[in-house]
Amino acid sequence: MSTIRTVAAARSKDSIGQQALLQGWVRTRRDSKGGFSFIELNDGTCLANVQVIAPAELENYETVVKHLSPGSSITVRGTVVASQGKGQDTEVQAQSIELHGGADPETYPLQKKRHTFEKLREWAHLRPRTNTFGAIARVRNCVCRSIHDFFQENGFLYVHTPIITASDCEGAGAMFRVTTLDVDQLVAQREKVDWSRDFFGRPSFLTVSGQLEAEIFACALGKVYTFGPTFRAENSNTPRHLAEFWMIEPEMAFYDLNDNMTLAEDFLKRIFRDVLERCPEDMAFFNQFIDESHTLIDTLQGIIDSEFVRLSYTEAIELLQQSGETFEFPVQWGCDLQTEHERYLTEKKFRRPVIVYDYPAQIKAFYMRLNDDEKTVRAMDVLVPRVGEIIGGSQREERLDVLERRMTQLGLNPEDYWWYLDLRRFGTVPHSGFGLGLERAVQFVTGMANIRDVIPFPRTPGNAEF
RNA sequence: UCCCCUGUAGCUCAGCUGGUAGAGCAAGCGGCUGUUAACCGCUGGGUCGUAGGUUCGAAUCCUACCGGGGGAGCCA
């Protein structure tokens, strides 16, 4: 018979009769003049607390136990017993309670009652101690594990692409500069900066995407994926954008766009399925307290059980034009789909994930493969209700001459991409890939409204306190 | 970056067309109870985001700045 060491285990009926050694944080304490106290203890191993019965016979009952306040850290030794009360199967009859650190109720910010998420963002160092943020941390972990499991089980190689990059031409948005030069001095001198004197001998930045480097490895090893931090210096202030976020980018040699779309669909379904299976308690919590319509779990299960809609950009434009909806932005072939258009398709028209593909060439990046019509490229976006674009990907242009032509058309200098073009010069292959924003995936499965609440320490314009 | 809303007690908010700040919860103390968003009573707690301005008088009106939220753009 082993000692129970987690709240999760102590809550199980199977543990009744066993010794327990639990360490965690007090959520609340209720005293009974009948001569004992109830302590709700949480240790992060599950959403729920375990109820600890602290009898008056404990030698520190009057001095310590009766003053335990929310946030205090304790070690409890006792026995798991069947609960006499309603609301829980088990409870722990304490034989000793040791206080590690108290939390002055006058100054401890977290109270028993619910706080707004906006207020909790100001206490990013304490919010993991709340139900919601504990659940988010566990689900986020589950999603990450599921991502690795999916790729590892399907023969993908995990490759690490650089975080600092010297190519300022990845084409995915504004970049943060990385420098060791003395900025104050440079400003004082008011001279043109000589970047050859900087650390890398050239301008360098934080990566906005590992795609181009992932292509290098895909064009040697077949199927690879990256999973790392990504940085965008855009001044974006929305519930769906972060300046620092985590991105997953698979890249596959010999995959065309259809293979790519199938992979994206299988991938998302796998994540949703794992989360429902491995985090049932947390997901039930989100379904009840976060999702206003209480349909989160049904929605995810529905997605797992059905097929994503696939429609070409041209078909999407026709659907939007025939929809009878009045949009703020007019719908016309050649314009990028606006948020309102994407929402109509995925939330109103189909009510499930929609993959739009074959976008006009002029609104997409240079590396996407040109179709024979010369007007569209083999791009795809996966749109889901509420969060919008969750995945963006494409089949890559593998033909050297076409790629060079596209770059020139878009005003890029092919010489800057000499190594990227070498992949087409030597043993080129058709290949495809996509990018999934981790936080958007977590946002989608948890139902959380703001992306700043699904990453432990959100970086947004003007905000890096923690 | 643009548009709209917002900032009052530890938290969530009320405070009308300007007259000098209030509730619930939390906290402290007391009571009661195998309790579980516990309950009942009492008590303490605020230069009303900041800086100017209008006025006899500003939480209230005006301006600027700062913070927060929603929408848009950029995207993942």
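As the structure is a computational prediction, the values presented were derived from the model and not from experiment.

K.L.:
In this structure, what is going on with the overall build of chain A? I would like to understand it.
P.N.:
What chain A contains, in helices and strands, is 13 helices and 16 strands. A total of 466 residues make up chain A; the buried ones form 50% of that total. The contacts of chain A with a sequence gap of at least 6 include a subset with a gap of at least 24, amounting to 66%. Accessible surface, chain A as shown: approximately 22,600 Å² in total, 49% of it carbon and sulfur. In chain A, 52 side chains carry a positive charge and 66 a negative one; their mean positions are 4 Å apart.

K.L.:
What's the story with the protein's contact with RNA strand B in this structure? I'm lost.
P.N.:
What surrounds RNA strand B is a group of 50 residues, the closest being Lys86, Arg121, Thr238, His241 and Arg440. Put simply, 50% of the atoms of RNA strand B that lie within 4 Å of the protein are in sugar or phosphate. Of all the elements in the fold, those that place two or more residues in the surface near RNA strand B are strand S1 (19-32), strand S2 (36-42), strand S3 (50-55), helix H2 (117-121), strand S11 (244-253), strand S15 (388-396) and strand S16 (431-437). With four residues, S15 is the single largest residue contributor to the surface near RNA strand B. Looking at side-chain class alone, the surface near RNA strand B contains 11 nonpolar, 21 polar and 18 charged residues.

K.L.:
In this structure, what is going on with the side chain of Asp358? I would like to understand it.
P.N.:
In this structure, Asp358 sits in strand S13 (residues 354-360). Relative accessible area serves as the criterion here: at 14%, Asp358 is assigned to the buried category. Side-chain polar atoms of Asp358 contact the side chain of Arg378, separated by 3.3 Å. Setting aside residues up to four positions removed in sequence, Asp358 forms contacts with Leu257, Tyr313, Asn371, Thr376, Val377, Arg378 and Ala379.

K.L.:
Looking at this structure, I do not really get the sheet that holds strand S4 (residues 73-82). What am I missing?
P.N.:
The strand order around the closed barrel formed by five strands is S1-S2-S3-S5-S4, and the pairing between neighbours is mixed. For this sheet, the mean inter-axis angle between neighbouring strands, taken without regard to orientation, is 50°. Pairing of S3 with strand S5 (residues 90-101), which is carried by two bridges, proceeds in the parallel orientation. Considered in S5, the bridge of Ile53 is made with Gln93.

K.L.:
What is the right way to look at the side chain of Glu342 in this model?
P.N.:
Here Glu342 shows up in helix H10 (residues 339-349). Buried charge without a salt bridge: Glu342, with Arg240 as the nearest opposite-charge side chain at an N-O distance of 7.2 Å. With sequence-adjacent residues up to four places away left out, Glu342 is seen in contact with Leu337, Leu383 and Glu389.

K.L.:
What should I look at first to understand the packing of aromatic side chains in this one?
P.N.:
How two aromatic rings sit relative to each other is set out by the distance from centre to centre and by the angle between their planes. Taken as a whole and assessed by the stated rule, the structure comprises 21 aromatic pairs. Between Phe150 and Phe151, the aromatic rings sit 5.3 Å apart at their centres with planes inclined by 75°, giving edge-to-face as the arrangement. Here Phe151 falls in the buried class, since its relative accessible area comes to 0%. Three or more aromatic residues link up through ring pairs in this structure, and these residues are Phe150, Phe151, Phe156, Tyr158, Tyr225, Phe267 and Phe434. Here the basic side chain of Arg424 rests over the ring of Tyr420, its NZ or CZ set 4.0 Å away from the ring centre.

K.L.:
Just to check I follow, could you spell out the packing of helix H3 (residues 131-153) against helix H13 (residues 438-446) for this structure?
P.N.:
The description of two helices packed together rests on the angle between their axes and the distance between the axes. Where H3 meets H13, the closest approach of the two axes is 10 Å, and the angle between their N-to-C directions is 120°. As summarised for this structure, H3 and H13 are arranged oblique, according to the angle between their axes. Here H3 runs over H13; the crossing is right-handed. The residues of H13 that touch H3, namely those facing Val139, Arg140, Val143, Cys144 and Ile147, are Leu438, Glu439, Val442, Val445 and Thr446.

K.L.:
Looking at this structure, how should I read the state of the cysteines?
P.N.:
Put plainly, two cysteines are in a disulfide when a covalent bond ties their sulfur atoms together. One pass over the structure, following the stated rule, counts zero disulfides. No disulfide involves Cys142; its sulfur sits 3.9 Å from that of Cys279, the nearest cysteine. On the basis of relative accessible area, Cys142 is assigned to the buried category, the value being 5%.

K.L.:
How should the domain arrangement of chain A be read in this particular structure?
P.N.:
A common way to state how big an interface is: give the accessible area lost once the parts meet. Domain boundaries in chain A define domain 1 (7-101), domain 2 (131-173 + 211-453) and domain 3 (176-207). Between the C-alpha centres of domain 1 and domain 3 there is a distance of 57 Å.

K.L.:
Can you help me understand the sheet that holds strand S14 (residues 376-384) in this one?
P.N.:
Picture the strands of a sheet paired through backbone hydrogen bonds; they go either parallel or antiparallel. The mixed open sheet is built from eight strands, whose spatial order is S6-S10-S11-S16-S15-S14-S13-S12. Each edge of the sheet is formed by a strand with only one pairing partner; in this case those strands are strand S6 (157-158) and strand S12 (309-312). Pairing analysis gives six bridges linking S15 to S16, with the strands arranged antiparallel. When the bridges of S16 are listed, Arg396 appears paired with His431.

K.L.:
Help me out: how do you make sense of the environment of Glu292 in this one?
P.N.:
On the secondary structure map, Glu292 appears in the loop between helix H7 (280-290) and helix H8 (296-305). For the pair formed by Glu292 and Gly447, sequence separation is 155 residues and the distance between their alpha carbons is 9.0 Å.

K.L.:
Just checking my understanding: could you explain the pairing of S11 for this structure?
P.N.:
A regular strand places its side chains so that they alternate between the two faces of the sheet. Extensive coverage of S11 is indicated by the burial of eight of its 10 residues. Bridging between strand S10 (residues 223-231) and S11 involves nine bridges; their strand directions are antiparallel. Each bridged residue has a counterpart across the sheet, and for Thr226 the counterpart in S11 is Glu249.

K.L.:
Where do I start with the pairing of S10 in this structure?
P.N.:
Burial analysis of S10 places eight of its nine residues in the buried class, which makes it a mostly covered element. Sheet topology note: the S6/S10 ladder contains two bridges and is parallel. Across the sheet, Tyr158 pairs through a bridge with Tyr225, a residue of S10.

What counts as what
- Residues numbered from 1 in each chain as written.
- Chains lettered and ligands numbered in written order.
- Predicted model: local features only at pLDDT ≥ 70, side-chain atom pairs only at ≥ 80, totals over all residues.
- Heavy atoms only, no water.
- Helix = DSSP H or I, 4+ residues; strand = E, 2+ residues; numbered from the N terminus.
- Buried < 20%, exposed > 50% of the residue type's maximum accessible area, 1.4 Å probe, protein only.
- Contact = heavy atoms within 4.5 Å.
- Areas by Shrake-Rupley, 256 points an atom, 1.4 Å probe, with all protein chains shown as cover.
- Lys, Arg positive; Asp, Glu negative; His and termini not counted.
- Charge placed at Lys NZ, Arg CZ, Asp CG, Glu CD.
- Near = heavy atom within 4 Å.
- Nonpolar A, V, L, I, M, F, W, Y, C, P; charged D, E, K, R; others polar.
- Polar contact = N/O pair within 3.5 Å; in protein donor to acceptor, adjacent residues only side chain to side chain.
- Pairing = 2+ DSSP bridges.
- Axes fitted to C-alpha atoms, helices over the stretch in contact; angles between N-to-C directions.
- Salt bridge = Lys/Arg side-chain N within 4 Å of Asp/Glu carboxyl O.
- Phe/Tyr/Trp six-rings, centres within 6.5 Å; stacked < 30°, edge-to-face > 60°.
- Lys NZ or Arg CZ within 6 Å of the ring centre and 35° of its normal.
- Parallel < 35°, antiparallel > 145°, perpendicular 65-115°, else oblique.
- Left-handed = near helix turned anticlockwise from the far one by under 90°.
- Disulfide = S-S within 2.5 Å.
- Domains from an automatic or database assignment.

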